[in-house]
Amino acid sequence: MMDKLSFELNKVTEKTRKEDIIIGIKMLHDLKLSYDDVLDKVLQYFGKDIPKDEIKKLVKENY
């Protein structure tokens, strides 16, 4: 029971984190940062927690 709850909480946390990253990408884009600058900033702040390929995909899809 606890493993299932833990798994579900991890899924929710990961989804929320991705949503937060997408909001950040859109905000940085609105501030007229270039694609490369946005990618660098997102990697700087989230690169320890999320794989680089995943971040690149999120930036590409939401820039």
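Heads up: these notes are all about the structure in this document.

About the cut-offs
- Within each chain, residue numbers correspond to sequence positions counted from 1 in written order.
- With pLDDT at 70 or above as the cut-off, local features in this predicted model cover only qualifying residues; side-chain atom pairs require 80 or more to be listed or tallied, and sums for whole chains, interfaces and linings still use all residues.
- Side-chain numbers here rest on the full set of heavy atoms in the structure, without hydrogens or water.
- Classification of ring pairs uses Phe, Tyr and Trp, with its six-membered ring standing for Trp, and accepts pairs whose centres are within 6.5 Å; under 30 degrees between planes counts as stacked, over 60 as edge-to-face, and the remaining range as tilted.
- Only runs of H or I of at least four residues qualify as helices and only runs of E of at least two qualify as strands under DSSP, and these elements are numbered from the N terminus.
- Think of it in three bands: residues with accessible area under 20% of the maximum for their type are buried, residues over 50% are exposed, and the middle band is partly exposed, with areas taken using a 1.4 Å probe on protein chains only.
- When a carboxyl oxygen of Asp or Glu lies within 4 Å of a side-chain nitrogen of Lys or Arg, that pair is called a salt bridge.
- The length a helix should cover is 1.5 Å for every residue beyond the first.
- Arc definition: directions from the helix axis to the C-beta atoms.

The next subject is the packing of aromatic side chains. According to the stated counting rule, one finds 1 aromatic pair in the structure shown. Taking the centre distance of 5.4 Å and the plane angle of 90 degrees together, the rings of tyrosine 35 and tyrosine 63 count as edge-to-face. Within this pair, whereas tyrosine 35 is found in helix α2 (residues 35–46), its partner tyrosine 63 is found in the segment after α3 (52–62), the two being separated by 28 residues in sequence. Residue classification places tyrosine 35 among the partly exposed residues on the basis of a relative accessible area of 30%. The class for tyrosine 63 is partly exposed, based on a relative accessible area of 33%.

The next subject is the pattern of salt bridges. Enumeration according to the criterion identifies 5 salt bridges in this entry. Residue glutamate 19 is joined to lysine 15 by a salt bridge in which the shortest nitrogen-to-oxygen separation is 3.9 Å. Of this pair, glutamate 19 and lysine 15 both sit in helix α1 (residues 2–30), 4 residues apart, which is roughly one turn of the helix. Between arginine 17 and aspartate 49 there is a salt bridge; the shortest N-O distance is 4.0 Å. With arginine 17 in helix α1 and aspartate 49 in the loop between α2 and α3, the pair connects residues that are 32 residues apart, well separated along the chain. By relative accessible area, which is 33% here, arginine 17 ends up partly exposed. Judged by relative accessible area, aspartate 49 falls into the partly exposed class, the value being 48%. Each of the salt bridges in this network shares a partner with another, and the network as a whole consists of Glu14, Lys18 and Glu54.

A few words now on α2. Its 12 residues place the ends of α2 16 Å apart at the C-alpha level, agreeing with the 16 Å of an ideal helix rising 1.5 Å per residue. Those residues of α2 not exposed but buried are Val38, Leu39 and Val42. Taken down its axis, α2 places every buried residue within 100 degrees of arc, on the same side. When the buried face of α2 is taken as reference, the exposed residues oriented beyond 90 degrees from it are Asp36 and Gln44.

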